[in-house]
Amino acid sequence: MNKRMMELALVRAIPDLTIGELKPSRLKGLYERLQREVDQDLARLPRPSQSEIYRIADRVNEFGRATGWLGQQRHVSTLLSFCAEMIENSRFNHNPKILETINDIIAHLESGKDLPAATFWAGSLAAEKWRELMV
């Protein structure tokens, strides 16, 4: 199973999981930059087979059940915190601009006072669960 692809897919999904249609803004630009950076890494990976896609979906769903996230909406800072920790602790050499962009999004949201502290804690717990499941 392609764990690197799973990590990248989760990061790439952040904007899709947290926004509706954003008007042109700094946040929309940061989300688009994040997806471009992830896409550069994804383009370097071999195309997954259909069975591999199903296995990836099963693992992501397993993670969703283990964290209670499956079918639930999460605050963007929870997702960002989870993804930042997952990328920082990954055994893969991801594009460093991915983490840089995640941190830029966090800084932007902090400047707008839109980051409850508990959401970072929840993201960190999810990252711990991710590491346990991906062994």
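It should be noted that the structure appears before, not after, this text.
About the cut-offs
Residues numbered from 1 in each chain as written. Predicted model: local features only at pLDDT ≥ 70, side-chain atom pairs only at ≥ 80, totals over all residues. Heavy atoms only, no water. Helix = DSSP H or I, 4+ residues; strand = E, 2+ residues; numbered from the N terminus. Expected span 1.5 Å × (residues − 1). Contact = heavy atoms within 4.5 Å. Salt bridge = Lys/Arg side-chain N within 4 Å of Asp/Glu carboxyl O.

Caption draft 1: Spatial organisation of helix 3 (residues 26–43). Taking 1.5 Å per residue, 18 residues should reach 26 Å; helix 3 reaches 26 Å between its end C-alpha atoms and fits that length. Elements in contact with the buried residues of helix 3: helix 1 (3–12), helix 2 (14–18), helix 5 (76–88) and helix 6 (96–111).

Caption draft 2: Structural detail: the pattern of salt bridges. A full pass over the atoms with the stated rule returns 7 salt bridges. The closest approach of N and O atoms between Arg4 and Asp41, which form a salt bridge, is 3.3 Å. Separated by 37 residues along the polypeptide, Arg4 in helix 1 and Asp41 in helix 3 bring together distant segments of the chain. When the shortest N-O distance is used, the salt bridge between Arg44 and Asp41 registers 2.9 Å. Within this structure, Arg4, Asp41 and Arg44 form a network of salt bridges that share partners.

The analysis is restricted to geometry; functional conclusions fall outside its scope.
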